[in-house]
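Structure at a glance
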Amino acid sequence: MKTIDKIPTGKIERASQLIKTGFKVGGNYAAYYGEKIVNPSLNKDKLNENNAEDIYDGLKNLKGSALKVAQMLSMDKSIMPQQYVDKFSLSQFSVPPLSAPLVRKTFKKYLGDYPESIFDTFTPDAVNAASIGQVHKATKNGKNLAVKIQYPGVADSISSDLALVKPFAVRMFNIKGKDSDKYFKEVEDKLLEETDYILELKQSLEVSEKCKHIANLKFPTYYPELSSEKILTMEWMEGEHLSEFAAHNKDRENGDKLGQALWDFYMYQIHHLREVHADPHPGNFLIDKDSNLIAIDFGCIKKVPTEFYFPYFELSDPLVIGNPKLFNEKLYELEILRNDDTKEEIEYFTKLFYDLLSLFTKPFHSDFFDFSDEVFFGQIATIGEEFAKDTQIRKMNGNRGSKHFLYINRTFFGLYNLLNDLKARVNTKTFEKYIK
């Protein structure tokens, strides 16, 4: 794969790249509508494929938060056209890596020496490259190591990238009022945390220690003495990415076993630790030869405050959802309904969230759930399409919900999709034994 020697970090440079991408997408639309005049039956598959290709190509050299957005979008199969999901999912572990000279320069700056002097062996070419960093293989004292190196300038460009995205997001989601800043601040804070490898090292050590007793779940060993704010060294774990495993796995029992480990891991974090690995995409999980789940990235940890935790999970109870008075109270606690809402807004958003939550919380309604159920995921896709086409929401204040929804909902969307990939049938209550 072609390597890159420089990442645009200035606001003007990055904006220029995005503008060029916009022109390409505009050209794709012009070509599509021109062809549709001649062929009225033409669908949008080719348009989506071309747009996904051009957008991904424009973002992959920017890296950082711009590429992270693509990664986040690829997790939501229910809303994004498949062409975008397929292309954007490459941002999880397959983008152009840094060149060897730039890697050596990073080592010299952040660990005080070049990699060939620090390790017994070091592969100059990255084995994986994602949105914020890339991974190299190394050895030291007979141990195989994975060394993650952060791209230069990623942290510095986050604020400017989000400033470029904000006007489009405000229009797309009809966000009004000064309170909208809280959502952008939440995203900015979490992205900045992901660029702090000292924090990631601390989180990795803590989570792996607290969750090591969960069956069929493994973690790498971490090496603080070989890590810094931009370099993170851990044990090399043999295995294939979850999506690669799921693509060829025909053993339902293996899928169930891995899905159960994944579900127990997430429920234990949320309900006991009150913090959770909020980046559940296939690139963050490996499957070893014994069908154990290996969690390898803890840069994005979302704490779940008490005032959000209780009303959020009370809404997963059918007795609460089915009780209009209790349901209404929880919507206010979670800032879905607001004191300045009109009667029309109250009625609209109450029905909208009743429909959404009645469906999305189904896995919590019984002791077992089959995540291979395509009817369930088809219903999620349908309600997502209806929401996207709903013109009424454009007339209302779309500034809805606690800021904590952003990463908690992202976590559940990602978790559900991973479990669907595995075709897993899980016991939704077994995590409780780990808490006891």
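As the structure is a computational prediction, the values presented were derived from the model and not from experiment. (Residues numbered from 1 in each chain as written. Predicted model: local features only at pLDDT ≥ 70, side-chain atom pairs only at ≥ 80, totals over all residues. Heavy atoms only, no water.)

Observations regarding the overall build of the chain
On a plain count of helices and strands, the chain comes out with 18 helices and 13 strands. Across the 436 residues of the chain, 52% fall into the buried class. A separation threshold of at least 6 residues defines the contact pool for the chain, and within that pool the share at least 24 residues apart is 72%. (Helix = DSSP H or I, 4+ residues; strand = E, 2+ residues; numbered from the N terminus. Buried < 20%, exposed > 50% of the residue type's maximum accessible area, 1.4 Å probe, protein only. Contact = heavy atoms within 4.5 Å.)

Side note on the side chain of Q150
Following the sequence through the fold, Q150 ends up in strand β4 (residues 143-150). Within the structure, Q150 has its side chain in polar contact with the backbone oxygen of T195 (distance 2.7 Å). Among all residues touching Q150, those that are not within four sequence positions of it are T106, I132, G133, A155, T195, D196, Y197, E229 and K230. (Polar contact = N/O pair within 3.5 Å; in protein donor to acceptor, adjacent residues only side chain to side chain.)

Description of the packing of helix α14 (residues 324-333) against helix α15 (residues 343-360)
α15 packs onto α14 with a crossing angle of 100° between their chain directions and a minimal axis gap of 11 Å. In terms of their interaxial angle, α14 and α15 are classed as roughly perpendicular. Contact residues: α14 offers F327, L331 and Y332, while α15 offers I346, T350, F353, Y354 and L357. Of the residues belonging to the contact of α14 with α15, the class tally is seven nonpolar, one polar and no charged. (Axes fitted to C-alpha atoms, helices over the stretch in contact; angles between N-to-C directions. Parallel < 35°, antiparallel > 145°, perpendicular 65-115°, else oblique. Nonpolar A, V, L, I, M, F, W, Y, C, P; charged D, E, K, R; others polar.)

Comments concerning the environment of H213
Along the chain, the position of H213 falls in the loop between α9 (197-211) and β5 (217-218). On a C-alpha basis, the gap between H213 and F265 in space is 9.9 Å, while along the polypeptide they are 52 residues apart. If sequence neighbours within four positions are ignored, H213 has contacts with Y268 and Y434. At a separation of 3.3 Å, a polar atom in the side chain of H213 contacts the main-chain carbonyl oxygen of K210.

Re the packing of helix α12 (residues 306-314) against helix α17 (residues 405-422)
Relative orientation of the contacting elements α12 and α17 amounts to 45°, with a least axis distance of 12 Å. In terms of their interaxial angle, α12 and α17 are classed as oblique. Handedness of the crossing formed by α12 with α17: right-handed. Between α12, through F308, Y312 and F313, and α17, the contact on the second element is made entirely by F405, I408, N409 and F412. Tallied by class, the residues present in the contact of α12 with α17 amount to six nonpolar, one polar and no charged. (Left-handed = near helix turned anticlockwise from the far one by under 90°.)

Quick look at the sheet that holds strand β7 (residues 240-241)
Spatially, four strands are ordered β5-β10-β9-β7 in an open sheet, and the strand pairing comes out mixed. Either end of the sheet is taken by a strand with one partner, and the two such strands are β5 and β7. Inspection of the sheet shows strand β9 (residues 285-287) paired to strand β10 (residues 293-295) by three bridges, in the antiparallel sense. Opposite L286, over in β10, you have I294 as the bridge partner. (Pairing = 2+ DSSP bridges.)

Observations concerning α12
If you check which residues of α12 are buried, you get F308, Y309, P311, Y312 and F313. Against the buried residues of α12 lie α11 (252-273), α14 and α17.

Overview of the pairing of strand β3 (residues 133-140)
Pairing of strand β1 (residues 121-122) with β3 involves two bridges; the strand directions are antiparallel. Bridge pairing links F122 to A138 in β3. Examined bridge by bridge, strand β2 (residues 128-129) and β3 share two bridges and lie antiparallel to one another. Opposite A129, over in β3, you have Q134 as the bridge partner. The turn joining β2 and β3, which pair antiparallel and follow one another in sequence, is formed by three residues. Pairing of β3 with β4 involves eight bridges; the strand directions are antiparallel. Across the sheet, residue T139 finds its bridge partner in β4, namely N144. Between β3 and the antiparallel strand that follows it, β4, lie two residues; N141 among them carries a positive phi value of about 55°.

Remarks on the nonpolar core
Core analysis: the biggest nonpolar cluster contains 90 residues, and W263, F265 and F412 have the highest contact counts within it. Of the residues forming this core, the biggest block, ten residues, is contributed by α11. If we skip the residues at most four places from it in the chain, W263 touches P363, F364, F371, L415, Y416, L419, V426, N427, T428 and F431. With six residues, the next largest nonpolar core counts I158, V187, L191 and A278 among its residues. (Core = buried A, V, L, I, M, F, W, Y, C linked by side-chain atoms within 4.5 Å.)

Thoughts on the pattern of salt bridges
One pass over the full model with this rule turns up 22 salt bridges. R104 serves as the salt-bridge partner of E116, at 2.6 Å between the closest nitrogen and oxygen. Here the residue E116 occupies a position in helix α6 (residues 115-118), and R104 occupies one in helix α5 (residues 100-111), the gap between them amounting to twelve residues. Between E193 and K190 there is a salt bridge, with its nearest N and O atoms 2.8 Å apart. You can see E193 and its partner K190 sitting in helix α8 (residues 181-194), three residues apart, about one turn around the helix. Residue E193 is classed as partly exposed on the basis of its relative accessible area of 26%. What emerges from the salt-bridge pattern is a single network uniting K148, E200 and D297. (Salt bridge = Lys/Arg side-chain N within 4 Å of Asp/Glu carboxyl O.)

As for the packing of aromatic side chains
Summed over the entire model, instances satisfying the criterion amount to 30 aromatic pairs. Relative to F413, the ring of F360 has its centre 5.0 Å away and its plane inclined at 40°; by these criteria the two rings are tilted. With F360 in helix α15 and F413 in helix α17, this residue pair connects regions lying 53 residues apart in the sequence. Owing to a relative accessible area of 27%, F413 belongs among the partly exposed residues under this scheme. Taking the centre distance of 5.2 Å and the plane angle of 80° together, the rings of F376 and F377 count as edge-to-face. Residues F376 and F377 agree in their burial class; the two are buried. (Phe/Tyr/Trp six-rings, centres within 6.5 Å; stacked < 30°, edge-to-face > 60°.)

From the geometry alone we can't say anything about function, so treat these as descriptive.
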